[in-house]
Amino acid sequence: DAKTTQPNSMESNEEEPVHLPCNHSTISGTDYIHWYRQLPSQGPEYVIHGLTSNVNNRMASLAIAEDRKSSTLILHRATLRDAAVYYCILYGGSQGNLIFGKGTKLSVKP
Amino acid sequence: EAQVTQNPRYLITVTGKKLTVTCSQNMNHEYMSWYRQDPGLGLRQIYYSMNVEVTDKGDVPEGYKVSRKEKRNFPLILESPSPNQTSLYFCASSRLTGRDRAFFGQGTRLTVV
């Protein structure tokens with residue numbers, strides 16, 4: 001199974017941009033890159049996903065490297081409510097199972 | 001509204017008393033999955049299904065059963081619950097292609113005493 005590698009934790013200051021990296025060097029051409037987050041005591045929440053091109057939505061942006069071996073989730077202005085565990089997951093294509101790794105725990109300081 | 005519905009949200013039961021946690025989705029998704037979450041251990045997959053009558057074990061299937069008789073439903077069955085199955089459970093559904101996002105239920109907090 002293609003896997004992803006994320007830092008265990010990151011810190012950010014409130015109202016500053018946050019760049020959460022994810023490496024996926026064995027990604028196949030049909031694997032989508034999904035990002036979900038989990039706030040304390042809540043279920044997983046969809047953030048964004050993409051295949052090749054960069055993607056933007058109201059929550060975040062997803063920057064995908066040209067070779068697709070890495071991607072970066074960008075929160076443009078972190079708020080205290082963005083403190084969560086962020087999961088980068090390869091899904092679809094060769095990855096027919098939605099598996100959560102350890103993710104990155106994001107702390108946001110006021 | 002597209003959604004995954006889990007029931008019940010909270011359940012306290014006794015050891016050995018069979019129970020079923022239901023999961024239903026209204027999006028005609030092929031893929032459904034169950035996870036449990038324990039403090040410090042993240043989301044661990046119990047079972048998943050890629051279509052009707054197709055189920056497979058995840059990382060922690062012991063003590064659980066599932067069935068997928070209809071596309072919309074994927075119940076999680078605990079034939080003889082034990083205290084170590086006290087946990088927070090989540091159900092998810094998605095298309096298999098990965099082209100669309102996955103949806104998650106609100107969770108079921110199970111306590112086995």
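Per chain, the residues get numbers from 1 upward, laid out in the order the sequence is written. Starting at A for chains and at 1 for ligands, labels are handed out in the order in which the entities are written. Given that this is a predicted model, residues contribute local features only at a pLDDT of at least 70 and side-chain atom pairs are listed and counted only at 80 or more, while totals for whole chains, interfaces and linings are drawn from all residues. Note: side-chain values were computed over all heavy atoms of the structure, leaving out hydrogens and water.

A. Representation of the overall build of chain A. In this text, helices come from DSSP runs of H or I with a minimum length of four residues, and strands from runs of E with a minimum of two, each type numbered from the N-terminal end. Looking only at helices and strands, chain A features 0 helices and 9 strands. Order of helices (α) and strands (β) in chain A, N terminus to C terminus: β-β-β-β-β-β-β-β-β. For this measure, only C-alpha atoms enter the radius of gyration; the expected value for a globule follows 2.2 Å times N^0.38, where N is the number of residues. Over its C-alpha trace chain A gives a radius of gyration of 13 Å, about what one expects of a compact globule, namely 13 Å for 110 residues. Only protein chains enter the area calculation, which uses a 1.4 Å probe; residues under 20% of their type maximum are buried, those over 50% are exposed, and those in between are partly exposed. Per-residue burial for chain A yields a buried fraction of 47% across its 110 residues.

B. Layout of the packing of aromatic side chains. Any two rings among Phe, Tyr and Trp, with Trp reduced to its six-membered ring, count as a pair given centres within 6.5 Å; such a pair is stacked if its planes are under 30 degrees apart, edge-to-face if over 60, and tilted if neither. Going through the model one piece at a time under the given rule, you end up with 9 aromatic pairs over all chains. An aromatic cluster is built from A:Tyr36, A:Tyr46, A:Tyr87, A:Phe100, B:Tyr35 and B:Phe104, whose rings are joined through pairwise contacts. Only Lys NZ and Arg CZ are tested; either one counts as a charge over a ring when it is within 6 Å of the ring centre and within 35 degrees of the ring normal. A cation sits over an aromatic face here: B:Arg101 above B:Phe103, 3.9 Å from the ring centre.

C. Structural view of the environment of A:Glu45. Residues and elements named next belong to chain A. Along the chain, Glu45 turns up in strand 4 (residues 44-50). On a C-alpha basis, the gap between Glu45 and Trp35 in space is 8.8 Å, while along the polypeptide they are 10 residues apart. Pairs of residues are marked as contacts when any of their non-hydrogen atoms sit within 4.5 Å. With residues up to four places along the chain from it excluded, the contact list for Glu45 reads Tyr36, Arg37, Leu39 and Met59.

D. Focus on a nonpolar patch on the surface. Two distance rules govern patches: like charges are joined within 9 Å, and nonpolar side chains (Val, Leu, Ile, Met, Phe, Trp, Tyr) within 5 Å, applied only to residues with over 30% relative accessible area and no salt bridge. In short, Shrake-Rupley with a 1.4 Å probe defines the accessible areas, and a residue's cover is counted only from the protein chains shown. What counts as a salt bridge is simple: a side-chain nitrogen of Lys or Arg found within 4 Å of a carboxyl oxygen of Asp or Glu. Together, B:Ile12, B:Val14 and B:Val113 make up a nonpolar patch on the protein surface, roughly 300 Å² of accessible area in all. A relative accessible area of 54% means that B:Val113 is categorised as exposed.

E. View of the interface of chain A and chain B. Taken together, the 18 residues of chain A in the interface contact 18 residues of chain B. Counting across the chain A and chain B interface gives 0 salt bridges. Each polar contact in these results corresponds to two N or O atoms within 3.5 Å; when the atoms are within protein, one needs to be able to donate a hydrogen and the other to accept it, and residues that are neighboring in sequence are counted only if both atoms are side-chain atoms. Applying the counting criterion to the chain A and chain B interface returns 9 residue pairs in polar contact (both at pLDDT 80 or more). Those elements that place two or more of their residues in the side of chain A that touches chain B are strand 3 (32-38), strand 4 and strand 8 (84-91) of chain A. For the side of chain A that touches chain B, the element with the highest residue contribution is strand 3 of chain A, accounting for 4 residues.

F. Highlighting the sheet that holds strand 7 (residues 70-75) of chain A. All names here are of chain A. If DSSP finds at least two bridges between two strands, the strands pair. Strand order in this open sheet of 4 strands is 2-7-6-5, and the pairing throughout is antiparallel. The open sheet is flanked by strand 2 (18-23) and strand 5 (55-56), the only strands paired with a single partner. Two elements, strand 5 and strand 6 (residues 61-64), share 2 bridges in a ladder whose sense is antiparallel. Residue pairing across strands places Val55 opposite Leu62, the latter belonging to strand 6.

G. Quick look at the nonpolar core. Counting 21 residues, the largest nonpolar core has A:Leu20, A:Ile33, A:Trp35, A:Leu73, A:Leu75, A:Tyr86 and A:Leu106 as its most contacted members. Among the elements of the structure, strand 2, strand 3, strand 4, strand 6, strand 7, strand 8 and strand 9 (104-109) of chain A are those that each provide at least two residues to this core. It is strand 8 of chain A that contributes the most residues to this core, 4 residues altogether. With residues near it in sequence (within four places) discarded, A:Leu20 still touches A:Met10, A:Trp35, A:Ser71, A:Thr72, A:Leu73, A:Tyr86, A:Thr104 and A:Leu106. Take the buried Ala, Val, Leu, Ile, Met, Phe, Trp, Tyr and Cys residues and link them wherever side-chain atoms come within 4.5 Å; each set so joined is a nonpolar core. If you look at the next biggest cluster of nonpolar residues, it comprises 20 residues, including B:Met27, B:Tyr64, B:Leu76 and B:Val112.

H. Local environment of the environment of A:Glu16. All names here are of chain A. By the element assignment, Glu16 lies in the loop between strand 1 (9-13) and strand 2. Under the relative-accessibility criterion, Glu16 is labelled partly exposed at 39%. C-alpha separation for the pair Glu16 and Thr4, spaced 12 residues apart in sequence, amounts to 25 Å. Among all residues touching Glu16, those that are not within four sequence positions of it are Leu75, His76, Arg77 and Ala78.

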